[in-house]
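Inside the fold
Residue strings, one per chain:
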Amino acid sequence: MADVARMTDTALYALPETAECQRVAHWLALHGWSEGSGGNFSVRLDALPATLASLNEGEPRPVPMAVPALGRRHLLVSGTGTRARDIAEAPHEGLGLFRIAPDGGSYTFLAGNDRPTSEMPSHLAIHAALVETRPEHRAIVHTHPPRLIAATHLSEFEDGGRMADVLLRMQSEALLHLPDGFAVLPYHLPGSLELGIASAAAVRRCEVVVWRYHGALATGRSLDAALDTLEYLDKTAEIYWILRSAGITPEGIPAAAAEQALRAFGRWDRYARWRPE
Ligand code: 2HA
Ligand code: ZN
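Description of the structure in this document. Quick caveat: nothing in here was measured; it's all calculated off a predicted structure. (Residues numbered from 1 in each chain as written. Chains lettered and ligands numbered in written order. Predicted model: local features only at pLDDT ≥ 70, side-chain atom pairs only at ≥ 80, totals over all residues. Heavy atoms only, no water.)

**Observations regarding the packing of aromatic side chains**
- Following the criterion strictly, the structure yields seven aromatic pairs and no others.
- Taking the centre distance of 5.5 Å and the plane angle of 90° together, the rings of F98 and Y107 count as edge-to-face.
- The exposure class of F98 is buried, given its relative accessible area of 0%.
- What links up through ring pairs into an aromatic cluster is the set F98, Y107 and F109. (Phe/Tyr/Trp six-rings, centres within 6.5 Å; stacked < 30°, edge-to-face > 60°. Buried < 20%, exposed > 50% of the residue type's maximum accessible area, 1.4 Å probe, protein only.)

Written out as structure tokens, the structure is:
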């Protein structure tokens, strides 16, 4: 038994995605965004090495909403109650590997930590939406960047489109990286299916979803890419609060300059689709 467990851990360690999880968990902790056991992440794997693919599966666990788009696929998921800083050091203890049933109605545990994140409903719903809308996005990072969360408390940002426009016009690179803007969801119960359904609908339109009074999530080709995106966005919130703390209400990049930059990079149409009047 101990030998099987050791072999499984070794196979889990050998996955390139595990190294990615370690790297990103380390940075989430360093940023101070994933405090304690806050935040979670997952990567979708379409194929597994034989050592992992042939493992005995645990009992099927029903999913709160069927996700047929994920049938037969695998998710490497951070575990509930796990710390990012611990996953960085001992990924086999914090990460779990799960297989979705062919009909998308349940999943089974394969290896690692058998208790997935409390936000599993969101991860499942979002991955299902990604398979249909941009299958190259295999990763989801959810974390709690404080400057961004603080901005969701402002009554002037009750309109999420306005919040996205004001923040993204704090810095040219952020605007160019996120021409689709970001969605801001009303407050939902953490871990709820409602939060998952609303998030999955939002990721069909853009790569970042801000959960009001809670945190943010990004999708990406890799966990590193999703973290990059959150870093670009967090930088805008940092600039915004530096100025507000100095008593200045920033006007942001002038509209004409923003348009010029977006047109120069062929991204104007994507921004024009959602920007507030
Ligand atoms: O994992 O961040 O949203 C703890 C959370 C729940
Ligand atoms: Zn959270």
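**Overview of the coordination of the zinc ion (ligand 2)**
- Every protein donor of the zinc ion (ligand 2) is accounted for by H142 (NE2), H144 (NE2) and H214 (NE2), and the metal-donor separations fall at 2.0 to 2.1 Å.
- For the zinc ion (ligand 2), the single-chain donor residues occur in sequence as H-x1-H-x69-H. Here H142, found in strand β6 (residues 139–143), pairs with H214, found in the loop between β8 (208–211) and β9 (215–220); they are 72 residues apart in sequence, far enough to count as distant. (Donors = N, O, S within 2.8 Å, 3.2 Å for Na, K, Ca; no water. Helix = DSSP H or I, 4+ residues; strand = E, 2+ residues; numbered from the N terminus.)

**With respect to the site of ligand 1**
- S37, G38, G39, N40, S118, E119, H142, H144 and H214 make up every residue found near ligand 1.
- For ligand 1, an oxygen atom lies 2.8 Å from a polar atom in the backbone of G39.
- Here an oxygen atom of ligand 1 and a side-chain polar atom of N40 are 3.0 Å apart.
- Contact with the protein chains hides 84% of the accessible area of ligand 1, taken as 220 Å² for the molecule alone.
- Looking at the shell around ligand 1, its residues break down into no nonpolar, eight polar and one charged. (Near = heavy atom within 4 Å. Polar contact = N/O pair within 3.5 Å; in protein donor to acceptor, adjacent residues only side chain to side chain. Areas by Shrake-Rupley, 256 points an atom, 1.4 Å probe, with all protein chains shown as cover. Nonpolar A, V, L, I, M, F, W, Y, C, P; charged D, E, K, R; others polar.)

**Details of the pairing of strand β1 (residues 40–45)**
- Within β1, six of the six residues are buried, which leaves it mostly tucked inside the rest of the structure.
- With four bridges joining them, β1 and β6 adopt antiparallel strand pairing. Among the inter-strand pairings, V43 is bridged to a residue of β6, identified as A139.
- Bridge count for β1 against strand β3 (residues 74–78) is four bridges, and the pairing is antiparallel. Residue R44 lies in a different strand from β3, and its bridge partner there is L75. (Pairing = 2+ DSSP bridges.)

**A short note on unusual backbone geometry**
- Phi at R72 takes a positive value of approximately 70°, unusual for a residue other than glycine.
- Note on placement: R72 falls in the loop between β2 (61–62) and β3.
- Residues other than glycine seldom take positive phi values, yet Y213 does so here, at roughly 60°.
- Residue placement: Y213 occurs in the loop between β8 and β9.

**Description of helix α10 (residues 193–203)**
- If you check which residues of α10 are buried, you get L195, G196, S199, A200, A202 and V203. Projection of α10 onto a plane perpendicular to its axis shows the buried side chains occupying an angular sector of 160°, all on one side.
- For α10, the secondary structure elements touched by its buried residues are α6 (120–133), β7 (183–185), β8 and β9. (Arc of directions from axis to C-beta. Contact = heavy atoms within 4.5 Å.)

**Regarding the environment of L75**
- Summarising the element assignment, L75 is placed in strand β3.
- Placed 29 residues apart in sequence, L75 and D46 show a C-alpha to C-alpha distance of 8.6 Å.
- What L75 contacts, discounting residues up to four positions off in sequence, is V43, R44, G96, L97, F98, I100, M120, L124 and H127.

**Some remarks on the pattern of salt bridges**
- On inspection of all chains with the given rule, the structure shows 13 salt bridges.
- A salt bridge links E57 to R99, with the shortest nitrogen-to-oxygen separation between them at 2.6 Å. One end of the pair, E57, is in the loop between α3 (50–53) and β2; the other, R99, is in strand β4 (residues 95–100), with 42 residues separating them in the sequence.
- The residue D165 makes a salt bridge to R169 at a minimum N-O spacing of 3.4 Å.
- Using a relative accessible area of 16% as the deciding quantity, one classes R169 as buried.
- Shared partners join several salt bridges into a network, and the residues in it are R44, D46 and R73. (Salt bridge = Lys/Arg side-chain N within 4 Å of Asp/Glu carboxyl O.)

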